[in-house]
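Secondary and tertiary structure notes
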Amino acid sequence: MPVLGTLTRRLGHHTWFGATMRLLVPVDWAVGRLTRGRVVALGLVPSLIITTTGHRSGLPRSNPLLYVPDGDGFVVIGSNWGQRHQPGWVLNLLARPQAEVAVKGRRLAVRADLATGAERERLWQLLVTEWPAYRTYVQRAGGREIHIFRLAPTGADLP
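Note that the coordinates shown come from a computational prediction; the quantities given were computed from them, not determined experimentally. (Residues numbered from 1 in each chain as written. Predicted model: local features only at pLDDT ≥ 70, side-chain atom pairs only at ≥ 80, totals over all residues. Heavy atoms only, no water.)

**With respect to the pattern of salt bridges**
Counting across every chain of the model gives six salt bridges. One salt bridge in this structure joins R107 and E100, with 2.7 Å as the shortest N-O distance. A salt bridge links E119 to R122; its shortest N-O distance comes to 3.0 Å. Pair noted here: E119 and R122 are both in helix α4 (residues 117-130), with a separation of three residues, about one helical turn. We classify E119 as partly exposed; its relative accessible area is 33%. Using a relative accessible area of 36% as the deciding quantity, one classes R122 as partly exposed. (Salt bridge = Lys/Arg side-chain N within 4 Å of Asp/Glu carboxyl O. Helix = DSSP H or I, 4+ residues; strand = E, 2+ residues; numbered from the N terminus. Buried < 20%, exposed > 50% of the residue type's maximum accessible area, 1.4 Å probe, protein only.)

**Remarks on the packing of aromatic side chains**
The tally for this structure, following the rule as stated, stands at four aromatic pairs. Ring geometry for W89 against F149: centres 6.0 Å apart, planes inclined by 55 degrees, an arrangement best described as tilted. Of this pair, W89 sits in helix α3 (residues 88-95) while F149 is found in strand β7 (residues 148-158), placing the two residues 60 residues apart along the sequence. Here the two residues W89 and F149 agree in accessibility, since each one is buried. Among the aromatic side chains, those forming a connected cluster through ring pairs are W81, Y134 and Y137. (Phe/Tyr/Trp six-rings, centres within 6.5 Å; stacked < 30°, edge-to-face > 60°.)

**A word on the confidence of the model for the protein chain**
Averaged over every residue, the pLDDT of the protein chain is 83; the share at 70 or more is 70%. Here helix α1 (residues 3-11) is the element of the protein chain with the lowest mean pLDDT, 54, and strand β4 (residues 73-77) is the one with the highest, 98. (pLDDT = per-residue confidence, 0-100.)

**Brief notes about the nonpolar core**
Counting 17 residues, the largest nonpolar core has L48, I50, F74, L93, V101, F149 and L151 as its most contacted members. Going through the elements one at a time, β1 (47-53), β4, α3, β5 (98-103), β6 (106-114) and β7 are the ones with two or more residues in this core. In contact with I50, not counting residues within four places along its chain, are R61, S62, N63, L65, L93, A99, E100, V101 and L151. In this structure, L66, W131, A133 and Y137 belong to the second largest nonpolar core, which totals 16 residues. (Core = buried A, V, L, I, M, F, W, Y, C linked by side-chain atoms within 4.5 Å. Contact = heavy atoms within 4.5 Å.)

Next up, the structure:
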C-alpha cells in the first residue's frame, strides 16, 4: 500500500478529515467524470462514481464513493463521514435500486442490494479492512443505521 494511502487511512478517523473531504467532493466528482472513473479519491483508495436516480426529482445524481470489490460486484457504505443523516444516494438507492457506476474507466449498470444479517456482517468486515475509520463513523452517526449495499452488475458495459 502506498505511503500516502496508509496516511490517509490513519487520518480518516479525525473529525476534521471528514469535514475537509466533504468540501473536496465536488473536485473529486469532476476529476472522476473527466477520467471516466479512472481517478477517484485521488487514487488513494479504491473508488467509483455512482449515478443514482433522485428519489424525489427523478434526475441523475452522481457521487464518488469508496468501494470494496466482492466477486464481480462492488460493496459501498452510506457512512456519510459519520454525519447523523443519510447521504442522498442511499435514499435514492432505497427508492430505486438501479444505478450506474464508473470504475477504472468502465461504465456499468448495477442493481443495489441492501445487505442484512450475516451478509451485512461479512461485507462490513471487508469495508473496515479497507477503511478502518468506518468504525469511528458508526460512533459519530449517533445510532443512525448505516446502510451497506452490494452493487451487482446487470449486464454488459455501458457506452
